[in-house]
Amino acid sequence: MTDDALTALGERARDLDAEHAATDRRSAFVLPQGVIYLDGNSLGAMSVAARDAAADAVTRQWGEQLIRAWNDSAWWTAPERVGDRVAELIGAPLGTVVVGDSTTVSLYKAVHAAARLRPNRRVVLTDPDSFPTDVHVTRGVCDQLGLTLELVSPGDAVARLEGSNDVALASYSQVDYRTGELWDLAAITTAAHDAGALACWDLCHSAGVVEVGLTDGGADFAVGCGYKYLSGGPGAPAFLFVAPQHLGDFTNPILGWNGHATPFAMSPDHVPADGITRARVGTPPVLGIAALEGALTAYDGLKVADVRRRSLSLTGFFVECLDALGVDLPVVTPRDDARGSQVSLRHPDAYAVVQALIARGVIGDFREKDIVRLGFAPLYLSHADALAAAVHVRDVVVGREFEQEQFRSRATVT
Ligand SMILES: Cc1ncc(COP(=O)(O)O)c(C=O)c1O
């Protein structure tokens, strides 16, 4: 590539950053100098507001208010209050989302409850290539309820559902965690409904970056992470959505005191609370919810549609830069708009490539078995970052820097 061509890419990056200036929230985040952080799809960066909210929850609320904070700082109602904020980001009505627990536990509650709403159906569909916890949870529910788990890729789900009468639930991820493919939530949900089944969606890789459209798509249940693009912090609570028409019949498979209609009556009989509160289980993770609540303020004044436009522009421009720089690796992520907010590349030495990039300050993920996964959290990344990252990828891959011995030893968390 000539210096002129690189200069032209730099100018284009500047133009695109100017075009998307209204969705630039970089100053709201704390990012170390010299790092291009392409891991917002694993652990979103810390925002000033998340840090301050967590500090306030610890120092003032816990430290000074002590147990009074359950009322005085509204800890008790935080799962529903923060759930409402998440609802706005995923196109769900207020009162249908609660935060707390992990994605795994939330998915267990959703899949179990959904299957019980279709008692005469014996089959649950899920994607064999889902994030493993989704397959494990779904298999576990099927074993417990005597149902059959059928592994059907989302691309084949509509055909499997058409004309069928045995499926209770189709449970899929909206965005594939490895490839970044964006599946058609509305089409699969409609096919499920036409077949008398329900649909549950894992939004871990779409919440905050894709116009999820739960209501428009007719989804019955959904779950998702708080610690990825939503930047709620390590181990941030997940969210669970139950469509309004199912709230009255939703049976929580984990009957805890937080989901009780009158938890402080201390009654041994379980009477489920009204609304989404019945999806709660035990004492909520207050400090994690506080950080997540702070983090979500990064979206104040933004439309998800504009964030999505920025995300598509960033990932599209990154691929354009790779092409222009002569990085000849298979791009696994769709080049059309049917993608989430990541770009995944295939390389036989993907682990070493990711380590070599990290040594240069470009932090991404390796995913088994040969995927270099680079996530573009749109709120704090720029087109200039995308170009700089592409130049680093070229130097590591084309310059064969990844072959150095120090990039080969594997850490516990990959
Ligand atoms: C698509 C998807 N679902 C579920 C999970 C697991 O979530 P948790 O560890 O919060 O239960 C992940 C984690 O990365 C994920 O990517």
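Placed above this text is the structure.
If you're wondering where the values come from, they're calculated on a predicted model, not measured in any experiment.

*Asks:* Can you walk me through the side chain of Thr-189 in this structure?
*Replies:* The topology assignment puts Thr-189 in helix α8 (residues 185-194). Here Leu-185 takes part through its backbone oxygen, which lies 2.6 Å from a polar atom of the side chain of Thr-189. One polar contact links Thr-189 to Trp-201, side chain to side chain, over a distance of 2.9 Å. Not counting chain neighbours up to four residues away, the residues in contact with Thr-189 comprise Ala-199, Trp-201, Gly-217, Gly-218 and Ala-219.

*Asks:* Just to check I follow, could you spell out the sheet that holds strand β6 (residues 148-151) for this structure?
*Replies:* The strands making up a sheet associate through backbone hydrogen bonding, with each pair oriented either parallel or antiparallel. In space, the seven strands of this open sheet follow the order β4-β10-β9-β8-β7-β5-β6, with mixed pairing throughout. Two strands lie at the open edges of the sheet, namely β4 (97-99) and β6, each paired on one side alone. The average angle at which neighbouring strand axes cross in this sheet is 15°, direction not considered. Pairing analysis gives four bridges linking strand β5 (residues 123-126) to strand β7 (residues 167-173), with the strands arranged parallel. Within β7, the residue paired with Val-123 across the bridge is Val-167. Relative to β7, helix α7 (residues 154-161) is tilted by about 160°, and along the sheet it contacts β5, β6 and β7. Helix-sheet contacts for α8 involve β7 and β8 (198-202), and the interaxial angle to β8 is about 155°.

*Asks:* In this structure, what is going on with the packing of α7 against α8? I would like to understand it.
*Replies:* For any two helices packed against each other, one specifies the inter-axial angle together with the distance between the axes. As a packed pair, α7 and α8 sit with axes 9 Å apart at the nearest point and diverge in direction by 25°. When the interaxial angle is binned, α7 and α8 end up roughly parallel. The chirality of how α7 crosses α8 is left-handed. On the side of α7, the interface is formed by Pro-154, Ala-157, Val-158 and Leu-161, while α8 contributes Ala-187, Ile-188, Ala-191 and Ala-192. The class makeup of the residues in the contact of α7 with α8 is eight nonpolar, no polar and no charged.

*Asks:* Help me out: how do you make sense of the packing of aromatic side chains in this one?
*Replies:* To describe a pair of aromatic rings, you give the distance between the ring centres and the angle between the ring planes. Scanning all chains against the criterion turns up eleven aromatic pairs. For the ring pair Trp-70 and Trp-76, a centre distance of 5.8 Å and an interplane angle of 65° mean the geometry is edge-to-face. Members of the aromatic cluster, connected to one another through ring pairs, are Trp-70, Trp-75, Trp-76, Trp-257 and Phe-264. A cation sits over an aromatic face here: Arg-280 above Trp-76, 4.9 Å from the ring centre. The ring of Tyr-351 carries Arg-410 above its face, with NZ or CZ at 4.6 Å from the centroid.

Scoring rules and cut-offs
Residues numbered from 1 in each chain as written. Predicted model: local features only at pLDDT ≥ 70, side-chain atom pairs only at ≥ 80, totals over all residues. Heavy atoms only, no water. Helix = DSSP H or I, 4+ residues; strand = E, 2+ residues; numbered from the N terminus. Polar contact = N/O pair within 3.5 Å; in protein donor to acceptor, adjacent residues only side chain to side chain. Contact = heavy atoms within 4.5 Å. Pairing = 2+ DSSP bridges. Axes fitted to C-alpha atoms, helices over the stretch in contact; angles between N-to-C directions. Parallel < 35°, antiparallel > 145°, perpendicular 65-115°, else oblique. Left-handed = near helix turned anticlockwise from the far one by under 90°. Nonpolar A, V, L, I, M, F, W, Y, C, P; charged D, E, K, R; others polar. Phe/Tyr/Trp six-rings, centres within 6.5 Å; stacked < 30°, edge-to-face > 60°. Lys NZ or Arg CZ within 6 Å of the ring centre and 35° of its normal.

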